Amino acid sequence: MTEPKGSAVGPAWVQVCKECGQVHSGQENHLYEYQDEVDDELICHICLQPLLRPMDTPCGHTYCFQCLGSFLREQDFCPVDRQRLQLHQCRPSSLLVRNLLDKLNVMCPYQPLCGQPMQRCELQPHLHNRCPGFRKLREEAERRKRPSWNELKGNKSELEPGTDSKHTPMSSRMAPPRGQADPGLVNPAFEETEDDAPLRCSLVAETNVVEIFRDEPEEELGIRIVGGKDTPLGNIVIQDILRDSLAARDGRLAPGDHILEVNDVSVASIAHAHAVAVLRRPCPAVRLTVMQEKGFSTRNPLIQVTLMKRDRSEPLGIKLIRKSEEPGVFILDLLPGGLAAKDGKLRNNDKVLAINGQDLRHGTPESAAQIIQASEVRVNFVVMRQQEPVGEVDLGSEGRSRGIRRNADLHYFRRRSTYVKDPPDGFSSQEKTVSVKKEPRLSLGITIAGGRDSRSHLPIYITSVQPVGCLHRDGTIKAGDVLLSINGVDLTQLTYSEAVSVLKAQASQASVVLRVLETVTTSREEEEGEAVDLDELEVLENPREDDVNWAPLWTHWLGLPSALHWCRDIALHKVNNESWGFSIVGGYEEGHGQQPFFIKTIVPGTPAHFDGRLKCGDEIVAVNGATTAGMNNSSLIPLLKLQRNKVTLTVVSWPGSLA
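As recorded by an unreviewed UniProt entry, the protein chain carries the name Ligand of Numb protein X 2-like and is attributed to Scleropages formosus.

A. Up close: the overall build of the protein chain. Within the protein chain one finds 17 helices and 34 strands. A burial count over the protein chain gives 50% of its 659 residues as buried. Of all intrachain contacts in the protein chain linking residues separated by at least 6 positions in sequence, the fraction that spans at least 24 positions is 66%. Accessible area for the protein chain stands at about 32,000 Å²; split by element, carbon and sulfur atoms hold 50% of it.

B. Geometry of the pairing of strand β18 (residues 351-355). Where burial is concerned, most of β18 is hidden: five out of the five residues are buried. Two elements, strand β17 (residues 329-334) and β18, share two bridges in a ladder whose sense is antiparallel. Along β18, the bridge assignment pairs Phe330 with Lys351. Judged from the four bridges that link them, β18 and strand β20 (residues 378-384) form a sheet pairing that is antiparallel. Each residue of the ladder has a partner; that of Ala354, found in β20, is Val382. Direction of pairing for β18 relative to strand β19 (residues 358-359): antiparallel, over a ladder of two bridges. Paired with Ala354 across the strands is Asp359, a residue of β19.

C. Region of interest: the sheet that holds strand β6 (residues 117-119). With antiparallel pairing, three strands are arranged side by side in an open sheet as β1-β5-β6. Each having just a single partner strand, β1 (33-34) and β6 make up the two edges of the open sheet. Bridge analysis of strand β5 (residues 105-107) against β6 gives three bridges, and the strand direction is antiparallel. In the sheet register, Val106 faces β6, and the bridge partner there is Met118.

D. Main features of the pattern of salt bridges. Here the structure, examined in full by the defined rule, presents 15 salt bridges. The shortest N-O distance in the salt bridge between Glu211 and Arg53 comes to 1.6 Å. Here Glu211 is found in strand β9 (residues 203-213), whereas its partner Arg53 is found in the loop between β1 and β2 (54-56), with 158 residues between them in sequence. Judged by relative accessible area, Glu211 falls into the buried class, the value being 11%. Residue classification places Arg53 among the partly exposed positions, given a relative accessible area of 24%. Arg84 is the salt-bridge partner of Asp76, the closest N and O atoms lying 2.3 Å from each other. By relative accessible area, Asp76 is classed as partly exposed at 37%.

E. Quick look at the packing of aromatic side chains. Summed over the entire model, instances satisfying the criterion amount to seven aromatic pairs. Here the aromatic rings of Phe71 and Phe77 are separated by 5.6 Å at their centres, their planes lie at 80°, and the arrangement is edge-to-face. Seen in terms of ring centroids, Trp557 and Trp654 are 5.7 Å apart; in terms of plane orientation they differ by 15°. Their pairing is stacked. A residue pair is termed long-range when its members are at least 10 positions apart, and Trp557 in helix α15 (residues 554-558) and Trp654 in the loop between β33 (646-652) and β34 (657-658) qualify at 97 residues. On the basis of relative accessible area, Trp654 is assigned to the buried category, the value being 3%.

F. Molecular detail of the sheet that holds strand β4 (residues 91-92). As summarised here, the arrangement of the three strands in space is β3-β2-β4, forming an open sheet in which the pairing is antiparallel. The open sheet has two edge strands, β3 (62-64) and β4, and neither has a second partner. Seen against the sheet, helix α2 (residues 65-72) touches β2 and β3 and runs at an angle of roughly 95° to β3.

G. How the structure looks around helix α8 (residues 272-279). The element α8 is largely enclosed, with a buried count of eight among its eight residues. Among all positions in α8, only His272, Ala273, His274, Ala275, Val276, Ala277, Val278 and Leu279 are buried.

H. Region of the structure containing the pairing of strand β10 (residues 223-227). Of all five residues in β10, four are buried, a share of seventy percent or more. Relative to strand β11 (residues 236-241), β10 is paired through five bridges, and the arrangement is antiparallel. Across the sheet, Ile223 pairs through a bridge with Ile241, a residue of β11. As defined by bridge partners, β10 adjoins β34 across two bridges and the pair is classed as antiparallel. Pairing of Arg224 across the sheet is with Leu658, part of β34.

The rules behind these values
- Residues numbered from 1 in each chain as written.
- Predicted model: local features only at pLDDT ≥ 70, side-chain atom pairs only at ≥ 80, totals over all residues.
- Heavy atoms only, no water.
- Helix = DSSP H or I, 4+ residues; strand = E, 2+ residues; numbered from the N terminus.
- Buried < 20%, exposed > 50% of the residue type's maximum accessible area, 1.4 Å probe, protein only.
- Contact = heavy atoms within 4.5 Å.
- Areas by Shrake-Rupley, 256 points an atom, 1.4 Å probe, with all protein chains shown as cover.
- Pairing = 2+ DSSP bridges.
- Salt bridge = Lys/Arg side-chain N within 4 Å of Asp/Glu carboxyl O.
- Phe/Tyr/Trp six-rings, centres within 6.5 Å; stacked < 30°, edge-to-face > 60°.
- Axes fitted to C-alpha atoms, helices over the stretch in contact; angles between N-to-C directions.

Below you can see the structure in the form of structure tokens.
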């Protein structure tokens, strides 16, 4: 590839692959300029090129994942021996094979500015960190498409509020002009000065493709999701990533990412349960198209550090850890006499955001170590350093804060909510009472979970109804029903062990009266007559008898009455005109009436992000003790903007659906 020139710079950058540096469609394999002859055992028999993301068939052949997937969409047999074959029967090749492929020698395609030889696995970090040709192409493209703030302010009328950012790889987001808030959307992440000039550049969101391979087709990704077309959030948003899961080990997904497509199936406008079913479909690899926020604040400065090794095997002398209370990779210690200690720029407790251009905001020490080991002599770090904390906010005569620490908060732990409100449109609950007469030794036949000592302080709910119990014959009680009382004994405020003791004691009686609450969802997809795979949804709502890990979907909890909510107060602090760093959906929606306010996005590098307690999908029930019930955007926006240095949000948080 030669250096693009003239007017072709902009289009060339849009078309170029950000991994291999060549121009090809998203459905085609990456292109590399190999320097040596490659062993036939490492060649794909479909494309006749060195293997990319190799997959082994049960009959002993190996192909590129992309090649095999395209072939099996038209045929149902192995290309070599023509034995019957389906993609879900194939498995990723061994680590040894993948390492051999990664070590193949290739040349940087940007000639004559670069053309440097390297191993194939090193090309992507080389392009993003060292290649002068790739950097020039990117800078020229960004210069051409990024107007100045004066141009933006002079052409506000040209910005259409209905623009869908998910269709553009790079999109800028700005707060709406004062007094023109979009219905149902509050975005206090971006505030304005008195003269309406933006305080900082707009937040950049990128659309990226993340492909994760499974060892088993039904293996969970380890992400919790919220949102959906049938909820106020609209989009499908990652709420959390489970530690040591596939997604955590991969390191590219993060809480707050919006999932747009799953294996080329759009989930941007489908109901929550339908999206969960799509994510759980068995397959050897999951290809996710996600929109990811890339903005950072200057409150805790970003520092770039480059360490130069004498050779590739020289250790850096850095110990990396992860913390239980915050995702990401942190520097625990710099070994005396080591390369990093001699350089002196890295410090203990620095948070590692990226190494050689690879995002580690939600990575692991193991993935960071692999990037370092695979690097050449130059290792580029981007770290975030917390300001020196003090015990409390101390505003001097000039009004500047010397630092903020989140002190222990007596209200950090959840308490029973006293705020009365209606559930979102389409979600409700109904009470059921079951009276059964039974032999004293006959079991009720139910299993339970939850309890006010659980992580999310869920009420006690039923996880299964066993065929051997008396409640199964009645048929009224279902998995997911919330237990209210048994024989008049209240169960709603008990811990798990307390609830088990009460149920055992009352179940020994000859007559049992059980009060439960069933949540009801009226899906907007059903109202609009859209086609949904009912078999997939049936598995989500009615678990198999042997499914011991079943849990209700996130939407299941939205219909609970406020008397069963437990909330907590989260106090956020900021410095002067710094933004709070979260966006909200809710308020009045035409056709759906008054909706609760939910956290939709938490912006990286802001007070809400650094505090770490707010999650996407949290419902805000009060601000500084004032209930949000009945509020609209025009009253909530000023309330948030008036809070200069501290705001206390009272939130209700439900666990996202696991996928």
